[in-house]
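Close look at the chain arrangement
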Amino acid sequence: MQQVTRKKLAEGVHLTCVTTPKFKRAVIRTVLLLPLGGEDSALRACLPHVLRRGTRALPDLRAIGEALDGLYGARIEAVVRREGEQLAVGFLSDCIDESCAPGADGLTAGVIRLLAELLYDPYTQDGAFCPDYTAGERENLLDRIAAQKNDPRVWAPLRLTQLMCADEPYGQPVHGTKEQAEKINEKKLYAAYQRALDEAQLELFYCGPLAADAVETLFAQTPLAQSRPKALPLLPTVVLPQPAGEAREVVEEEPVTQAKLSLGFRTGGASLTGGDPAAYWVFQTLYGGSTSSKLFLNVREKQSLCYYASAQFIAPKGIMMVNSGIENDKFAVARDEILRQLDACREGDITDAEIDGARRTLATNWGAMLDDPLTLERYWLGQAAAGTMVSAEERIAQVQTVDRARIVAAAQATTLDLVYLMKGAAK
Amino acid sequence: MSKVWTALRERMEERTLENGLRVCYLPKEGFSKTFAILATNFGSVDASFTIDGERHDTPAGVAHFLEHKMFEDEDGNALQKFARTGASPNAFTSHTMTAYHFSCTDRFEENLEILLKFVFTPYFTEENVAKERGIIGQEIGMMDDTPSWRLFCGLLEGLYRNHPVRVPIAGSVESIAQITPEVLYTCHRAFYSPKNMALIVCGTADFDEICRMAAQFSPAEAPEIGERHYGDRREAVNELTVERQMAVSRPQFLLGFKDTPLAAGESRLRRALLGELAVRILCGDTAPLYAELYGKRLIGRDFDTDYMLFPEGAAAILGGESRDPEVARAAIERETARLAREGVEQALFDRMKKALYGLWLRVLDVPEAYARQQAAAIFAGEDYADFAALCDTISPQDVQAVYARWAQRDRSSMSVIRPQ
């Protein structure tokens, strides 16, 4: 059994702890939660990458690399993530538990200390970040912004979100814009860093064999547990009402061979914190969430229209997406079939076996998550960002009681907002 | 047979059934899910073989095609049977292995029965083979648009002139058009013999029950495994550079060092550790050269290293995005030559070995990864968890000898994708 505790360590600082003896490793995360979008977007996206370059004690990558090797190959990666209505920036680490190697005593404390140094004690020059590191990471950020289109499977859903939520913070680019990124320098970045430290909620996470109070003690020995009196409250989840009029259709050409079709829907209210999310999960799963779903069976298996066609419920924002890869000339056929299967759900054309299968699939997915500390990290940050605290076990229990009427209601509340086709235009 | 690794807090039960099927159980106390994988020692490289005195040269992509088609049985699709239990099934084909797996949080025995039955029961018709061509054709189209995959395929073409590892795993739209039910039946008979397979269960289950079911649902007879042909071998690479253009924002590169294949009797696991350690010391993300190249923006955080092993071949692989792949390549090759000449400093060697131990240890916590690694280890007559003991046998001199091989003339090839 996993013990999950959440504790306020200080004003603006929370620690979520998942304690279980079954793991040989630990996952530790330190992120700042900030509002999405705005002028500071690119600066914030650049920030953890510059911080990751060096601390006062370990001034360059070589020194940090040496320290990580000494911690039995602990990994620390910069995090820049959209979490519901917030932006998360900071660090994620995974390392072995100190009980699993000879002479590894104090390893967890060492990793937490290093995480604290990275966030609070950066390598600076003349009261700002190192110009060389800043310039390098500004260029890396520009590369990342340009690289978003490299993988069509990743780009199509991202583009759909941007188009569909263009007027909401959620639709703003997580890495900021090219124009913002080009203006980054060491002084502006340092000022943004100090603003972020002031305004952000700090979310700490640990999953591993250590008990919560032991973990708390380790964090308390670092500046990570300091009070943050100016921290801004988190933004609540906003689920937009039904879009008025016909769904929009956007077609863009890219030099790829296979077209990508993405459909964006509004849930009508279901989100992590609103509406009837349990029913929505069951609906989305039997519609397009597994290899026995309506989309898989009809769009892929019966009509061979694609290799993949699946539906995702983005609960932190109250939207649903269907993504697939198709031939250019199958656009209308595939779109109509995807919508026809949604109509079937709306009309209650759902078997008991489908409902049972969807419940079981969800139970397996959430159950499996309990074995994966990296997925647990994501899950609990999602909960924290939405200001809720529902465990996977509770979610599993909730979907068991979902009946046909609630599933049909979820399908009926769903409205198509935008159809995005990325048309293959390769020579 | 039971085996215990006290320091790692791991244990294992292992048995070879009468028909030759190897069954292995890796208990995971406290885990919610149980993961089972039924793997055959048959991958895309095993396309030419002799069985019953007759040589077969099969169309490219046949192992992968077979993987897709196995799910179909006379009484329906196995995916739908799993759906009723809520298990999460999948399969993959690599260069060296085809594997079918599921994870579940309950009804384990029911799922195991579905898995064993569908993998050991071929059912191919002209009609269901034709339908699958459409789906796999779409999958090939998707992979053709994936830069990282094209980059990897380009590297293998550069490293090997004849070896079948240079042929893409899924084949091409043209090659899969030649796949017929007969070809699929022949491959199934040649390589889905229980002798050529292993069943690994990682999680919580009853080992005796696993063995009983495996015996009940696998064929009593195990046909002789076909002899495999991998073409002529040569030490030099095929091409020094392979270039392509795609819709990418920056150049991407993969540099490969062609290594000697496993020698007869050499431990595969030890070679994998040694190769990975060597490539990480050379330019892993905590290595001195990495810091230098990153500082010059010749590589970025996406830069990665790997070491791959397959029948009659081995290679170290490094790469990612770069503003100037040629300059990055020259620096990495210079460092390889220096390490071959001067050897590895003891302190660097010690900390990198420590990190390697930590990385391999973490795999034990990931049932999918652990079971897959154990399947590969079993096919080589080893057990993954022996890595800790093998790690201790590696010396700086061993690593230096690896660099000496990589630093020879014509042992490296680079695959590059440039923006259109």
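Here is a short report on the structure shown in this document. (Residues numbered from 1 in each chain as written. Chains lettered and ligands numbered in written order. Predicted model: local features only at pLDDT ≥ 70, side-chain atom pairs only at ≥ 80, totals over all residues. Heavy atoms only, no water.)

This next bit is on the packing of helix α11 (residues 331–346) of chain A against helix α15 (residues 404–413) of chain A. Residue and element names in this part refer to chain A. One can describe the packing of α11 onto α15 by two numbers: an axis separation of 8 Å at closest approach and a directional angle of 135°. Classified by the interaxial angle, the pair formed by α11 and α15 is oblique. Contacts between α11 and α15 involve Leu-342, Cys-345 and Arg-346 on the former and, on the latter, Val-408, Ala-411 and Gln-412. Class assignment for the residues of the contact of α11 with α15 results in 4 nonpolar, 1 polar and 1 charged. (Axes fitted to C-alpha atoms, helices over the stretch in contact; angles between N-to-C directions. Helix = DSSP H or I, 4+ residues; strand = E, 2+ residues; numbered from the N terminus. Parallel < 35°, antiparallel > 145°, perpendicular 65-115°, else oblique. Contact = heavy atoms within 4.5 Å. Nonpolar A, V, L, I, M, F, W, Y, C, P; charged D, E, K, R; others polar.)

Glancing now at the sheet that holds strand β8 (residues 201–208) of chain A. Residues and elements named next belong to chain A. Read from one edge to the other, the open sheet built from 6 strands follows the order β1-β2-β8-β3-β5-β4, with strand pairing classed as mixed. Among the strands making up the open sheet, the edge pair consists of β1 (3–10) and β4 (75–83). Strand after strand, the sheet turns through a mean of 20° between neighbouring axes, direction not considered. Sheet topology places strand β3 (residues 25–35) next to β8; 7 bridges connect them, and they run antiparallel. If you follow Val-31 over to β8, its bridge partner there is Glu-203. (Pairing = 2+ DSSP bridges.)

We now examine helix α10 (residues 288–295) of chain B. The buried count for α10 of chain B comes to 6 of 8 residues, which makes it a mostly enclosed element. Taken residue by residue, α10 of chain B has Pro-288, Leu-289, Tyr-290, Ala-291, Leu-293 and Tyr-294 of chain B as its buried positions. On its buried side, α10 of chain B packs onto α2 (61–70) and α4 (131–147) of chain A together with α9 (268–283), α11 (325–342) and α12 (346–363) of chain B. Of the residues one or two after α10 of chain B, Arg-297 of chain B is the one with positive phi, at around 60°. (Buried < 20%, exposed > 50% of the residue type's maximum accessible area, 1.4 Å probe, protein only.)

Turning to the pattern of salt bridges, a few remarks are in order. The final tally for this structure, using the stated rule, is 73 salt bridges over all chains. Salt-bridge contacts for Asp-398 of chain B lead to Arg-270 of chain B; the nearest nitrogen and oxygen are separated by 2.8 Å. Of the two residues, Asp-398 of chain B is situated in helix α15 (residues 396–406) and Arg-270 of chain B in helix α9; the sequence distance between them amounts to 128 residues. Each member of the salt-bridge network shares a partner with another, and the members are Glu-85, Glu-168, Arg-248, Arg-266, Lys-317 and Asp-417 of chain A. (Salt bridge = Lys/Arg side-chain N within 4 Å of Asp/Glu carboxyl O.)

Let us look at the layout of surface pockets. By volume, the second largest pocket is sized at about 460 Å³. Around the second largest pocket, the lining is made up of 20 residues, and of these Lys-22 of chain A together with Lys-28, Glu-29, Gly-30 and Phe-31 of chain B lie nearest the centre. Residue assignment for the lining of the second largest pocket shows that the elements contributing at least two residues are β2 (10–16) and β3 (22–27) of chain B. Here the residues of the lining of the second largest pocket are counted per class, giving 6 nonpolar, 6 polar and 8 charged. (1 Å grid on protein atoms, 1.4 Å probe; cavity = no way out; pocket = protein on both sides within 12 Å on 5 of 7 lines; lining within 4 Å. Points joined across faces, edges and corners; volume = space filled by probe spheres on them.)

Here the structure, examined in full by the defined rule, presents 35 aromatic pairs over all chains. Between Phe-42 of chain B and Tyr-192 of chain B, the aromatic rings sit 6.4 Å apart at their centres with planes inclined by 75°, giving edge-to-face as the arrangement. Taken as a pair, Phe-42 of chain B in the loop between β4 (34–40) and β5 (48–51) and Tyr-192 of chain B in the loop between α7 (181–191) and β11 (197–203) lie far apart in primary sequence, 150 residues in all. With a relative accessible area of 0%, Phe-42 of chain B lands in the buried category. Ring geometry for Phe-102 of chain B versus Phe-108 of chain B: centroids 5.9 Å apart, planes at 45°, classification tilted. A connected cluster of aromatic rings, assembled from ring pairs, spans Phe-42, Phe-49, Phe-71, Phe-82, Tyr-100, Phe-102, Phe-108, Phe-118, Phe-191 and Tyr-192 of chain B. Lys-22 of chain A extends its terminal NZ or CZ atom over the ring of Phe-31 of chain B, reaching a point 4.9 Å from the ring centre. Over the aromatic face of Tyr-170 of chain A sits the side chain of Arg-82 of chain A, whose NZ or CZ is 4.3 Å from the ring centroid. (Phe/Tyr/Trp six-rings, centres within 6.5 Å; stacked < 30°, edge-to-face > 60°. Lys NZ or Arg CZ within 6 Å of the ring centre and 35° of its normal.)

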